[in-house]
Amino acid sequence: MLPLAFACFLLAAVETAAIGRTFAAKHGGRLDANQEFLALAGANLAAGLGGGFPVSGGMSQSLVNEGGGAHTPLSGAISAGVILVVTLFLSHLLRTLPQPVLAAVVLVAVAGLFQFSTLKHLLAWRSP
């Protein structure tokens, strides 16, 4: 199990560093990798002690937050609060939804991240 755990850690660390560098370059900030990894370690320690899932920085979550206009980590806290309210009080309304409807919700949320012009450029590109 140790090699799998190390591979998961490595993937989480690389993805966190990549998204941090991307946003630092995009918004003119500076990335302190030590602080980033210390925060990641603290979050995973808290998740482990609390019986939660491991956490890492995610490209899709960060891009969705940015697309929605979020500028601070407060957006994560607000999202967690909305999810808690929906789970506690509105889950009975969502119980009968078929899975294709839930898949459509995810697709609509991700569709804004897809760039057709880039796909067209990649399809037109030919290697020598």
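Look above for the structure.
Residues numbered from 1 in each chain as written. Predicted model: local features only at pLDDT ≥ 70, side-chain atom pairs only at ≥ 80, totals over all residues. Heavy atoms only, no water.

A. View of helix 1 (residues 2–27). Taking 1.5 Å of rise per residue, 26 residues should cover 38 Å, and helix 1 covers 37 Å from first to last C-alpha, within 8% of that figure. The set of residues buried in helix 1 consists of A12, A13, T16, A17, I19, G20, F23 and A24. Looking at the buried side of helix 1, the elements it contacts are helix 2 (33–50) and helix 3 (59–67). Positive backbone phi, at 75°, marks G28, one or two positions downstream of helix 1. (Helix = DSSP H or I, 4+ residues; strand = E, 2+ residues; numbered from the N terminus. Expected span 1.5 Å × (residues − 1). Buried < 20%, exposed > 50% of the residue type's maximum accessible area, 1.4 Å probe, protein only. Contact = heavy atoms within 4.5 Å.)

B. View of the pattern of salt bridges. Enumeration according to the criterion identifies one salt bridge in this entry. One salt bridge in this structure joins E66 and K26, with 3.0 Å as the shortest N-O distance. Taken together, the residues E66 in helix 3 and K26 in helix 1 connect sequence positions 40 residues apart. When its relative accessible area of 22% is taken as the criterion, E66 is described as partly exposed. Given the relative accessible area of 52%, K26 is considered exposed. (Salt bridge = Lys/Arg side-chain N within 4 Å of Asp/Glu carboxyl O.)

C. Representation of the packing of aromatic side chains. Scanning the model with the defined rule gives one aromatic pair in all. An angle of 40° between the planes, with centres 6.2 Å apart, marks the rings of F6 and F9 as tilted. Of this pair, F6 and F9 are both found in helix 1, three residues apart, which corresponds to roughly one turn of the helix. Judged by relative accessible area, F9 falls into the partly exposed class, the value being 49%. (Phe/Tyr/Trp six-rings, centres within 6.5 Å; stacked < 30°, edge-to-face > 60°.)

D. Here's a closer look at the layout of surface pockets. By volume, the largest pocket is sized at about 480 Å³. Among the elements that make up the lining of the largest pocket, the one with the highest residue count is helix 3 (four residues). Residue classes in the lining of the largest pocket are distributed as four nonpolar, eight polar and one charged. Taken as a whole, the second largest pocket spans an internal volume of roughly 360 Å³. Along the wall of the second largest pocket there are 16 residues; nearest its centre are L40, V55, S56, G57 and G58. Elements with a minimum of two residues in the lining of the second largest pocket: helix 1, helix 2 and helix 3. A per-class count over the lining of the second largest pocket returns seven nonpolar, seven polar and two charged. (1 Å grid on protein atoms, 1.4 Å probe; cavity = no way out; pocket = protein on both sides within 12 Å on 5 of 7 lines; lining within 4 Å. Points joined across faces, edges and corners; volume = space filled by probe spheres on them. Nonpolar A, V, L, I, M, F, W, Y, C, P; charged D, E, K, R; others polar.)

E. Region of interest: the packing of helix 1 against helix 3. With their axes 10 Å apart at the nearest point, helix 1 and helix 3 run at an angle of 30° to one another. When the interaxial angle is binned, helix 1 and helix 3 end up roughly parallel. Judged by residue contacts, E15, I19, F23, K26 and H27 of helix 1 engage M59, S62, L63 and E66 from helix 3. A breakdown of the residues in the contact of helix 1 with helix 3 according to their chemical character gives four nonpolar, two polar and three charged. (Axes fitted to C-alpha atoms, helices over the stretch in contact; angles between N-to-C directions. Parallel < 35°, antiparallel > 145°, perpendicular 65-115°, else oblique.)

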